[in-house]
Amino acid sequence: MADMAAFGDAVTAWAAGDAGGLGDVGDAAEAADAARGLAARLPVRTVVLLEGASDAEAVGALAEARGRNLAAEGICVLPMGGAMSVARFARFLGPRGLGLRLTGLCDERERDFYARGWERAGAGPEGFFVCAADLEDELIRALGVPRVEELVREEGDHRALRTFLRQPAQQGRAAEQQVRRFLGTKKGRKIRYGRVLVEALGPDRVPAPLDDLFAIL
C-alpha cells in the first residue's frame, strides 16, 4: 500500500531530523506531523523495526511466499539504517509515542540497543527476535553453503565469488563466514540476496528468528 510506504517515509524523515540529519527542526516537525496524521488515518497497528534494507527485503520475500500482504494487515516494515537508531524510532512509535505495537529483528551484538530502546519507549525489553550473528548468517546456515553457492551462480556472481575467495584475508575462514562476507562486499548485493536467499528456503527451513517474528504478526 502506497500510504503505508508514505507513513514509513515520514517516520524516517522525522528520525533523521530528530538526529540532526535534516539541518532544519521545522522539517523534522513537519515530518512528525505527517506521520501522526497518517497513523491516525491508516489501519497501521504494528511496526517491524529492522536494522537495514536487506532485512526488509528478507521479510518482504517471506511475506510474499506465505501469501501475506503486511501493509494491508496494518503492518509497517521499517528499516532504520542502523540499530543504534532503534531508541529514537521506538520512542516515537511505541506506547509513549504513537501507541503502536513494536516488534523487529536484530543481530546478537545489537540486542542491548533494542532492549534499552524498547524499555525507554515503555514497551518492555521484549517483543523482538535476535539472530545469532545477523540474518544473512541465519539464512546461509539454513540453506547450507553449497546451496548458497548455487544461488550465487544463478545470480551471475560466481566469478566475483571465486575472485573473492582467493583473497589472502579469506584463507582459513569458515565457508559460512566467507560467503557471508562476500554478500556485503558490493553495494546493493546484500539487499538483493536478502530476497534471493529467502525465496530459496523451503517452508520448513525458515530460520527461527524470522519464523518467530511472523508467528506474532
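Quick note: structure is the one above.
Residues numbered from 1 in each chain as written. Predicted model: local features only at pLDDT ≥ 70, side-chain atom pairs only at ≥ 80, totals over all residues. Heavy atoms only, no water.

1. Some remarks on the sheet that holds strand β3 (residues 101-107)
The strands making up a sheet are joined through hydrogen bonds of the backbone, oriented either antiparallel or parallel.
No. 1: The sheet built from four strands is open, its strands ordered β2-β1-β3-β4 with parallel pairing. Where the open sheet ends on each side, the last strands, each with one partner, are β2 (75-79) and β4 (128-131). Each strand of the sheet is rotated relative to its neighbour by a mean of 15°, with strand direction disregarded.
No. 2: Relative to β3, strand β1 (residues 46-50) runs parallel, the two sharing four bridges. Considered in β3, the bridge of Leu49 is made with Gly104.
No. 3: Contacting β1 and β2, helix α1 (residues 2-18) crosses the sheet at an angle of about 40° to β2. (Pairing = 2+ DSSP bridges. Helix = DSSP H or I, 4+ residues; strand = E, 2+ residues; numbered from the N terminus. Axes fitted to C-alpha atoms, helices over the stretch in contact; angles between N-to-C directions. Contact = heavy atoms within 4.5 Å.)

2. Examining the packing of aromatic side chains
Remark: the centre distance and the inter-plane angle together describe each pair of aromatic rings, the angle taken between the planes.
No. 1: This model, assessed by the stated rule, comprises five aromatic pairs.
No. 2: With a centroid separation of 5.5 Å and 25° between ring planes, the pair formed by Tyr114 and Trp118 is classed as stacked. Here Tyr114 and its partner Trp118 are both found in helix α5 (residues 111-120), four residues apart, which amounts to about one turn of the helix. Accessibility assignment for this pair places Tyr114 and Trp118 in one class, buried.
No. 3: Taken together, Tyr114, Trp118 and Phe128 form an aromatic cluster joined through their ring pairs.
No. 4: Just above the ring of Phe182 sits the side chain of Arg189; from NZ or CZ to the centre is 4.1 Å. (Phe/Tyr/Trp six-rings, centres within 6.5 Å; stacked < 30°, edge-to-face > 60°. Buried < 20%, exposed > 50% of the residue type's maximum accessible area, 1.4 Å probe, protein only. Lys NZ or Arg CZ within 6 Å of the ring centre and 35° of its normal.)

3. Overview of the pattern of salt bridges
No. 1: Taken as a whole, this structure holds 18 salt bridges when the rule is applied.
No. 2: Put simply, Arg41 and Asp3 hold a salt bridge, and the shortest N to O gap is 3.4 Å. With Arg41 in helix α2 (residues 25-41) and Asp3 in helix α1, the pair connects residues that are 38 residues apart, well separated along the chain.
No. 3: On the accessibility criterion, Arg41 (52% relative accessible area) is exposed.
No. 4: Classification of Asp3 as partly exposed rests on a relative accessible area of 32%.
No. 5: The salt bridge partner of Arg192 is Asp157, with a shortest N-O separation of 2.9 Å. One end of the pair, Arg192, is in helix α10 (residues 189-199); the other, Asp157, is in the loop between α7 (145-154) and α8 (158-165), with 35 residues separating them in the sequence. (Salt bridge = Lys/Arg side-chain N within 4 Å of Asp/Glu carboxyl O.)

4. With respect to the side chain of Glu110
No. 1: The residue Glu110 is located in the loop between β3 and α5 in this model.
No. 2: Those residues in contact with Glu110 that sit more than four places away from it in its chain are Glu51 and Ala83.

5. Quick look at the pairing of β3
No. 1: Summarising burial for β3: six of the seven residues are buried, a large majority.
No. 2: Sheet topology note: the β3/β4 ladder contains four bridges and is parallel. Looking at β4, one finds that Asp107 is bridged to Cys131.
No. 3: Assessed by its sense of winding, the connection that carries the chain from β3 through α5 to β4 is right-handed. (Right-handed = clockwise from strand over helix to strand, strands pointing away.)

6. Observations concerning the packing of helix α4 (residues 86-93) against α5
No. 1: Remark: α4 packs on α5, axes separated minimally by 8 Å, with the N-to-C direction vectors making an angle of 25°. Taken as axis vectors, α4 and α5 run roughly parallel relative to one another. For the element pair α4 and α5, the recorded crossing hand is right-handed. For the pair α4 and α5, the contacting residues are Val86, Ala87 and Ala90 in the first and Phe113, Tyr114, Gly117 and Trp118 in the second. (Parallel < 35°, antiparallel > 145°, perpendicular 65-115°, else oblique. Left-handed = near helix turned anticlockwise from the far one by under 90°.)

Shape is all these values report; function is a separate question.
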